[in-house]
Amino acid sequence: PTSPIADLDLPRAELSDNARIVLAKRYLRKDEKGKPVEEPEEMFWRVAYTIAQADAKYGAGEEQIRALAREFYLLMTRRLFEPNSPTLMNAGRPLGQLSACFVLPVDDALSNGQSGVYDTLRSMAMVHQSGGGTGFSFSRIRPEGDLVNSTTGVASGPISFMSLYDSSTEVVKQGGTRRGANMGILRVDHPNVEEFIDCKQDITKITNFNISVAITDAFMRAVQKGEQYDLINPRTQQVVGQKDARAIFDKIVQNAWRTGEPGVFFIDRANFYNPVPHLGSYEATNPCGEQPLLPYDVCNLGSVNIGAFVRDDVPAGEAWSDRIDWKEYRRVTRLATHFLDNVIDANQYPLPEITDLANRIRRIGLGVMGFADLLVRLGVPYNSAEGVEIGRRVMEFLDEESKRESERLAQTRGVFPEWEQSIWGPDETAARAPNGERIRPVRAMRNCNVTTVAPTGTISIFAGCSSGIEPLFAVAFMRNQAGSLMPDVNEDFTAIAHAEGWYSAELMERIAREGHIHFAEVPEHVQRAFSTAHDITPEWHVRMQAAFQEHCDSAISKTTNFPNGATVDDVRKIYELAFDLNCKGVTVYRDGSRDGQVLSTGATKT
Ligand code: UDP
């Protein structure tokens, strides 16, 4: 049969063979036997057209919609921008659920018909089935051993319920295509905080959750002063005990050193920037931590492939800012913002509460991927003041251009319905900093939140770029290709090696086998520019995260990597630095600290 897009005269998607395989495995529409029944080009058109159609609601005719769909198609097929996976999988298909991130409330009741433990368990299953990830705060659950009036029994506590959610997640595989991912959060002043900090030290337990402790500013002050802090029973709101803040902080750091968990979520700081405080507070984030959300809140994400904007008509010796095609970066950012705003209208949410809030606040999360590629192409090391400055500037640009587009959309489509009282609105009661100043200037926006930096775990793979704002993980590794081991080398690296005349197949293989580039044949400036996650000290990881956070409405997905030999004290310093540099959270990983590491260098990958 001829393709449904045969007469549209669309260019072929710029995808590697490997990218086409990834798409066929995870994204393309399939028949009952699991055989793909669409080509990547058909998938991208399905998504482009479905999302462009939302413009009809604002008066666009069929011709305008087709023209916009073509622009969206080119954006995705030229790998300049990709929406989060659920949009690619579900747009224009019966499920129609397009968002990656949700937070659901968990009340201190088994069932109250809305958001009791078992009501939310059901909602979680529905979100997972549709391909979304869920975050929960278990902070409202009464502590283990507390009184249960109705049965005169004793409560089983937040961790038992988290385990229940974990088991259920295991049963409902997300959307049939990916596993359900969850975030579990507990406030540091919950009486069960120590059990929570320990609950994943057995790395075979609660594997479908990432966990983070919600840390308050009061707690951090107590840590700094070496004081006790209060534990509060959420059922009675009574102080039920005290703990030594440093001892708890030490426990968090010690466990994170050992297994990478728990992370921390600086909850007061996140709430300071909550764009709609009149609707509630943040209690939790999405599974990977980059998106704090209100109860029943949702966010659809998208990422601009920033490595694509290096001009080839400006010589390498020029200043980095002259080598970026800002005009094209602006065009892509604006169009991507329009795309994400349309996703809200095209979306079919799994619960009415979610539909309602999504339409009232219109939250979107535009971020970047390919940042390490950008630095490599500019010849600037990730672990340098200049690298961090580039991070700050490219994020500032994205954030501002996205906001301008949101304002432009608001002129014809209207501001988001909760705008008046939001931090962007003119209302006198809108959120103020402690010194009485407005938190944000008045801006007539279409969206309460525009920027978020996602991990881009899958979309960066088929876009063929580095993920999110992470440094390169490796320059090369050995790939198992149809039974034989082949070196897979970073394309920018190979290109430079050819251009500078030091390429040899033998060298590439040595690099792939040993998992580093510190060989005499590789010039010093190339060794610096291709610094990988392992060469970069934890301080630079956090400095980069903080630079991106400066101009980001939500938060940043980022893992700070430590070498295996790092000490507990090294980890503590990084947690403190992240707090001091205004990050909204921090996640660490010490090399080799968990068995079955997903990626590893100097080894093989299939
Ligand atoms: N996510 C999920 N399950 C997964 C991967 C991701 O639920 O297996 C959700 C989660 O909320 C995460 C968000 O998608 O924070 C974005 O992740 P990522 O950028 O890696 O997704 P991609 O769009 O690349 O698949």
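Predicted model, so just to flag it, every value in this text is computed and none were measured.

Asks: Describe the packing of aromatic side chains, and please don't skip the residues or the numbers.
Replies: Taken as a whole, this structure holds 23 aromatic pairs when the rule is applied. When the centroid spacing of 6.3 Å and the interplanar angle of 50° are considered together, the rings of F44 and F462 count as tilted. Of the two residues, F44 is situated in helix α2 (residues 40-52) and F462 in helix α15 (residues 459-463); the sequence distance between them amounts to 418 residues. By relative accessible area, which is 0% here, F44 ends up buried. Its relative accessible area of 1% is what places F462 among the buried residues. Taking 5.1 Å as the distance between ring centres and 85° as the angle between the ring planes, the aromatic pair formed by F493 and F530 counts as edge-to-face. Note that F493 is positioned in helix α16 (residues 491-500) and F530 in the loop between α18 (524-529) and α19 (538-549), a separation of 37 residues in sequence. Residue F530 is classed as buried on the basis of its relative accessible area of 1%.

Asks: Can you tell me about the site of the ligand, naming the residues and giving the values?
Replies: With respect to spatial proximity, 21 residues lie near the ligand, and among them S85, N286, T456, G457 and T458 are the closest. Here an oxygen atom of the ligand and a side-chain polar atom of E290 are 2.9 Å apart. Calculation on the ligand without its partners gives an accessible area of 520 Å², and the protein chains cover 90% of this total. Residues of the shell around the ligand, tallied by class, amount to nine nonpolar, nine polar and three charged.

Asks: For helix α8 (residues 217-225), give the residues involved together with the corresponding values.
Replies: Helical geometry: 3.6 residues make up each α-helical turn, so side chains three or four residues apart lie on a common side. Along α8, the residues classified as buried are F219, M220, A222 and V223. Seen along its axis, α8 keeps its buried residues to an arc of 160°; they face one direction. Considering only its buried residues, α8 is in contact with β7 (209-215), β8 (228-233), α9 (245-259) and α20 (568-580). Directly after α8, the chain includes G226, whose backbone phi takes a positive value near 70°.

Asks: Please give an account of α2 that cites residues and values.
Replies: Compared with the 18 Å implied by 1.5 Å per residue over 13 residues, the 18 Å span of α2 between its first and last C-alpha is a close match. Burial analysis of α2 places 13 of its 13 residues in the buried class, which makes it a mostly covered element.

Asks: Explain the packing of helix α5 (residues 117-129) against helix α6 (residues 158-171) to me, using residue names and the numbers behind them.
Replies: Contact geometry for α5 and α6: axes closest at 10 Å, N-to-C directions at 30°. Considered as vectors, α5 and α6 are oriented roughly parallel to each other. The element α5 and its partner α6 pack so that their crossing is right-handed. Within the contact between the two elements, α5 uses V117, Y118, T120, L121, M124 and H128 and α6 uses F161, L164, Y165, S168 and T169.

Asks: Describe the state of the cysteines, with residues and values.
Replies: Inspection of every chain in the model, using the stated rule, returns zero disulfides. You can see C101 has no disulfide; the closest cysteine sulfur is in C299, sitting 5.7 Å from it. Sulfur of C199: no disulfide; nearest cysteine sulfur belongs to C288 and is 17 Å away. For C199, a relative accessible area of 12% corresponds to the buried category.

Asks: A description of the domain arrangement of the protein chain should follow, citing residues and the corresponding values.
Replies: The domain architecture assigned to the protein chain consists of domain 1 (6-27 + 37-78), domain 2 (101-272) and domain 3 (471-602). The distance between the C-alpha centroids of domain 1 and domain 2 comes to 40 Å.

Asks: Go over the confidence of the model for the protein chain with me, naming the residues and quoting the values.
Replies: With 97% of its residues at a pLDDT of 70 or more, the protein chain shows a mean pLDDT of 93. Per-residue pLDDT stays below 50 along residues 596-606; that stretch engages in 23 contacts with residues further than four places along the chain or on separate chains.

Asks: I'd like a description of the environment of W45, backed by residues and values.
Replies: Structurally, W45 is set in helix α2. Sequence separation between W45 and L10 is 35 residues; the distance between their C-alpha atoms is 9.0 Å. Not counting residues within four places of it along the chain, the set of residues in contact with W45 comprises I5, L8, L10, R66, A69, R70 and Y73.

Asks: So what's going on with the pattern of salt bridges? Which residues, and what values?
Replies: Throughout the structure, instances matching the rule amount to 46 salt bridges. Notably, a salt bridge pairs R142 with D108, separated by 2.9 Å at the nearest N-O pair. In this pair, R142 sits in the loop between β3 (133-137) and β4 (147-148) while D108 sits in the loop between β2 (101-103) and α5, placing the two residues 34 residues apart along the sequence. The exposure class assigned to R142 is buried, which follows from its relative accessible area of 16%. Residue K403 is joined to D553 by a salt bridge in which the shortest nitrogen-to-oxygen separation is 2.8 Å.

Asks: Lay out the pairing of strand β13 (residues 297-305) in plain terms, naming residues and giving numbers.
Replies: Within β13, nine of the nine residues are buried, leaving the element largely enclosed by the surrounding structure. Both faces of β13 are covered, namely the face carrying D297, C299, L301, S303 and N305 and the face carrying V298, N300, G302 and V304. Relative to β13, strand β1 (residues 81-83) runs antiparallel, the two sharing three bridges. Note that in β13 the partner of E82 across the bridge is S303. Of the pairings in the sheet, the one linking β2 to β13 comprises three bridges and is antiparallel in character. Each bridged residue has a counterpart across the sheet, and for F102 the counterpart in β13 is V298.

Asks: Can you tell me about the packing of α9 against α20, naming the residues and giving the values?
Replies: Axis separation between α9 and α20 bottoms out at 9 Å; the angle between their running directions is 115°. Between α9 and α20, the angle falls in the class roughly perpendicular. Judged by the sense of rotation from one axis to the other, the crossing of α9 with α20 is right-handed. Contacts from F249, D250, I252, V253, Q254, A256 and W257 in α9 reach V568, V571, R572, Y575 and E576 in α20. Here the contact of α9 with α20 is composed, by residue class, of eight nonpolar, one polar and three charged.

How each quantity is defined
Residues numbered from 1 in each chain as written. Predicted model: local features only at pLDDT ≥ 70, side-chain atom pairs only at ≥ 80, totals over all residues. Heavy atoms only, no water. Phe/Tyr/Trp six-rings, centres within 6.5 Å; stacked < 30°, edge-to-face > 60°. Helix = DSSP H or I, 4+ residues; strand = E, 2+ residues; numbered from the N terminus. Buried < 20%, exposed > 50% of the residue type's maximum accessible area, 1.4 Å probe, protein only. Near = heavy atom within 4 Å. Polar contact = N/O pair within 3.5 Å; in protein donor to acceptor, adjacent residues only side chain to side chain. Areas by Shrake-Rupley, 256 points an atom, 1.4 Å probe, with all protein chains shown as cover. Nonpolar A, V, L, I, M, F, W, Y, C, P; charged D, E, K, R; others polar. Arc of directions from axis to C-beta. Contact = heavy atoms within 4.5 Å. Expected span 1.5 Å × (residues − 1). Axes fitted to C-alpha atoms, helices over the stretch in contact; angles between N-to-C directions. Parallel < 35°, antiparallel > 145°, perpendicular 65-115°, else oblique. Left-handed = near helix turned anticlockwise from the far one by under 90°. Disulfide = S-S within 2.5 Å. Domains from an automatic or database assignment. pLDDT = per-residue confidence, 0-100. Salt bridge = Lys/Arg side-chain N within 4 Å of Asp/Glu carboxyl O. Pairing = 2+ DSSP bridges.

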